[in-house]
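Structural characterization, general
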Amino acid sequence: MERVQFQQEQMLAELKDLVQKSLFTQAEVKQILKKRTQFETALVRRVAKKSDFLRYAAYEMGLEQLRRKRLQRLNLPKSKSTISDYALVRRQFQIFERALKRFKSDVGLWIQYIQVAKREGARALVGRITARALQLHPHVPSFYILAASHELSHMSPSAARSLLQRGLRLNSDSVDMWREYIRMELGFIEGMRRRWNVLGINTMEDGGTQVAKGVEADIDMDETVVIDEQREKPPDEVIAAEKGGDEGEAARKAIMDGAIVKSALSSAAKALPTVKLFVELEALIRSYPCQLRLRTTLLDHVYSLLQEALPDDPRAIQMHATRRLHDPHFVDGEKLIDALQSANERLTTAVKASWGTSSTAAHPSVSEIYADFVSEWCRSPTLEPNLKQYLIGSLQALAQGSSALPVLQATHVRLLLRDNASPKRTLKFARTYSAASASPSVWLARLDAEDACDQGDIKSAWASARTAVVASQDVDGTEKIWLWGLDHQSSIAENQQAVYEDLLSHSIKDSATRTIHETLLLRYVSEAIYSQGTDSTTRLRLIRHMSSAYLPTAPVWERVFTLESAHDDLAEKSLLRVVYEYWRVVDGISAASAWAGWLMDHGDGKRATQVISSAMVQLDIKDKIRLTEAWSSRLTGSQTKDEDEGASEEEDLPLKLDVVLP
């Protein structure tokens, strides 16, 4: 407590000054002192929490905001700065310093400290914090980016470049580092262009040295002109560019053509040849406010690097094929038609060339990418009908190929359904594609087509779909097939109970559908056993039948117990005991904890203790420990909840002071 008392003594001068300036009253100062004492007491305990430091810092931030608002409202005459003008901000910094002594490895805490220091305008402190953070965490790209941003905001591009280059040597696999480094070089080029315009050095393609026009317009742009105020030696390229004669003119032209950025792009592509990097670089160059000629040159370079680094990657093929569609000059009219046709032809060629190659979930095939491409454009409300038919026709030609992947066929059927094409024609394609297919996506499209056209026996089609996809590796798609009829009750002639029993009797026979069987049981419990109006006698009969016929698992019994005990006015104690007896056979720990908990909540603590004791006898040592922990957690859960609610009731001081003040 001596440290707490020491901190209290350090507060006296600033609190006294706040009262003398009439910014706070005596009562409010006592409240501030009381609150700070609580925070300081929490910080000096043996195991301090990071949340204690953060709450303390947040409190001081709110207090400083309130002080500034009151100072502005009182409109006091300007005078010499006193201790209260800076003490609250200084205390925020001290809290973060104390926190970092205990949590040096917490990257988020370092970043919060840097942000607070930047917001308060502590330029030198930001530099010292980032330097310390980089020493402790040299492999965290965020610190290099923050440090470089700090240097750029104070017009020191050379220092920013050095920081980012040092970071890239240690973190060459960071997309964020490469993106920010190239952003910095783009800003440097724009800064040099404006600098030369101010100096009267022409940077146009036709060369020559003349006073540039429109200097004021250039200077008034939103982007900050990055000129080195630290008087550091500029790069050799800049020194050469500001020389006179042909040598200087050639150097200026190379810089304005993006030679520096091109070199950085090439280094990035060599160090980290991934699609994610190229996507980030493309987005950066398209959005950065630079000259159109420079943007076009850099994009051409990016796409050439992309084709060289990832010639067979499906996503790289998509980026290269659709590049013109992202250009604002191709948003409508004939140019859009030409760009869309060019992209479609490139992608269809790539699809045909890729047939026979494998794909994974992390790297989708070109066929999947092309299907998404066509779907996305066909969903566009502004796309002309002729262009939509052109894309659907191209997709149809690929879908009918002998080596076509199921994704093309399923997408074709769904586009026809969405486009309200002829029902008979759509159904014909769907039946043709599914005739020799085991793909769940194709069969789902077939079932939707059958349902939309309302022709033929939908029940028979659904049964054929379940049989066809039973050996599919697409578990999610197979499950959707089995559940399709349950979500389309209007298409099924039988009642819900019979449909579930038929599905369960088939799913239990094959080990490949074991997961689907459990999903069906969970829905059977919710929608059949506990459907609206089911009485306790019927529920007991259905539960006993489910136990003997369908081999329910622990999650199924948990669902039954939860639904039965959900409504106290309807819950049957005898029925819950039956469920418990079934449940404990497959999961004795969860069953005993849930059943004993229900008994405890309903005033039968003696019986609850007996249930736990009886369950302990049948468990091994490890399971006994687990049951003991689960039961202890169950007993102390409500108490912990009450304590958390009590702790959350404390509010920040500024909110309380706002109520106190007139």
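Thresholds applied
Residues numbered from 1 in each chain as written. Predicted model: local features only at pLDDT ≥ 70, side-chain atom pairs only at ≥ 80, totals over all residues. Heavy atoms only, no water. Helix = DSSP H or I, 4+ residues; strand = E, 2+ residues; numbered from the N terminus. Buried < 20%, exposed > 50% of the residue type's maximum accessible area, 1.4 Å probe, protein only. Areas by Shrake-Rupley, 256 points an atom, 1.4 Å probe, with all protein chains shown as cover. Phe/Tyr/Trp six-rings, centres within 6.5 Å; stacked < 30°, edge-to-face > 60°. Expected span 1.5 Å × (residues − 1). Contact = heavy atoms within 4.5 Å. Axes fitted to C-alpha atoms, helices over the stretch in contact; angles between N-to-C directions. Parallel < 35°, antiparallel > 145°, perpendicular 65-115°, else oblique. Nonpolar A, V, L, I, M, F, W, Y, C, P; charged D, E, K, R; others polar. Salt bridge = Lys/Arg side-chain N within 4 Å of Asp/Glu carboxyl O. Core = buried A, V, L, I, M, F, W, Y, C linked by side-chain atoms within 4.5 Å.

It is worth spelling out the overall build of the protein chain at this point. Helix and strand content of the protein chain: 33 helices and 0 strands. Counting over 662 residues, the protein chain shows a buried share of 44%. Accessible surface for the protein chain amounts to roughly 35,300 Å². Of this, 51% is attributable to carbon and sulfur atoms.

For the rest of this paragraph, the subject is the packing of aromatic side chains. Across all of its chains, the model carries 15 aromatic pairs by this definition. Residues F96 and Y113 carry aromatic rings whose centres are separated by 5.3 Å and whose planes lie at 5° to one another, so their mutual orientation is stacked. Separated by 17 residues along the polypeptide, F96 in helix α4 (residues 87–102) and Y113 in helix α5 (residues 107–119) bring together distant segments of the chain. There is no split in this pair, since F96 and Y113 are both buried. Consider the rings of F429 and Y433, whose centres lie 6.0 Å apart with planes at 25°: the pair is stacked. With a gap of 4 residues between them, F429 and Y433 both fall in helix α21 (residues 423–434), about one helical turn apart. Under the relative-accessibility criterion, F429 is labelled buried at 12%. A relative accessible area of 6% means that Y433 is categorised as buried.

Given a rise of 1.5 Å per residue, 16 residues ought to cover 22 Å, and the 23 Å separating the end C-alpha atoms of α4 matches this to within 8%. Burial in α4 covers these residues: A87, L88, V89, R91, Q92, F93, I95, F96, A99 and L100. Looking at the buried side of α4, the elements it contacts are α1 (2–20), α2 (26–43), α3 (50–74), α5 and α6 (123–136).

We now examine the side chain of E180. Within the fold, E180 resides in helix α9 (residues 175–199). If we skip the residues at most four places from it in the chain, E180 touches I145 and L164.

With that settled, consider the packing of α5 against helix α7 (residues 141–153). Any two packed helices are characterised by how steeply their axes cross, that is the angle between the axes, and by the distance between the axes. Close contact between α5 and α7 brings their axes to 11 Å; oriented N to C, the two are set at 10°. By the criterion of interaxial angle, the relationship of α5 to α7 is roughly parallel. From α5, V107, W110, I111, I114 and K118 reach across to α7, where they touch S142, F143, L146 and S149. Across the contact of α5 with α7, the residue classes break down as 6 nonpolar, 2 polar and 1 charged.

Another point: the environment of A99. Mapped onto the elements, A99 comes out in helix α4. Residue classification places A99 among the buried positions, given a relative accessible area of 1%. A sequence separation of 48 residues divides A99 from S51, and the C-alpha atoms of the two residues are 9.8 Å apart. With near-sequence residues (within four places) excluded, A99 lies in contact with F53 and L109.

Overall, the coordinates contain 38 salt bridges when judged by the stated rule. A salt bridge links R55 to D52; the nearest nitrogen and oxygen atoms lie 2.7 Å apart. Taken together, the positions of R55 and D52, both in helix α3 and 3 residues apart, correspond to about one turn of that helix. For D52, a relative accessible area of 5% corresponds to the buried category.

All right, on to the nonpolar core then. Counting residues in hydrophobic clusters, the biggest one holds 85 residues, and the most contacted among them are F24, F143, I182, L265 and F278. Residue contributions to this core peak at 11 residues, all from α9. When sequence neighbours within four positions are dropped, the list of residues in contact with I182 reads V261, A264, L265, A268, L281 and L284. With 55 residues, the next largest nonpolar core counts I481, Y550, W595 and L599 among its residues.

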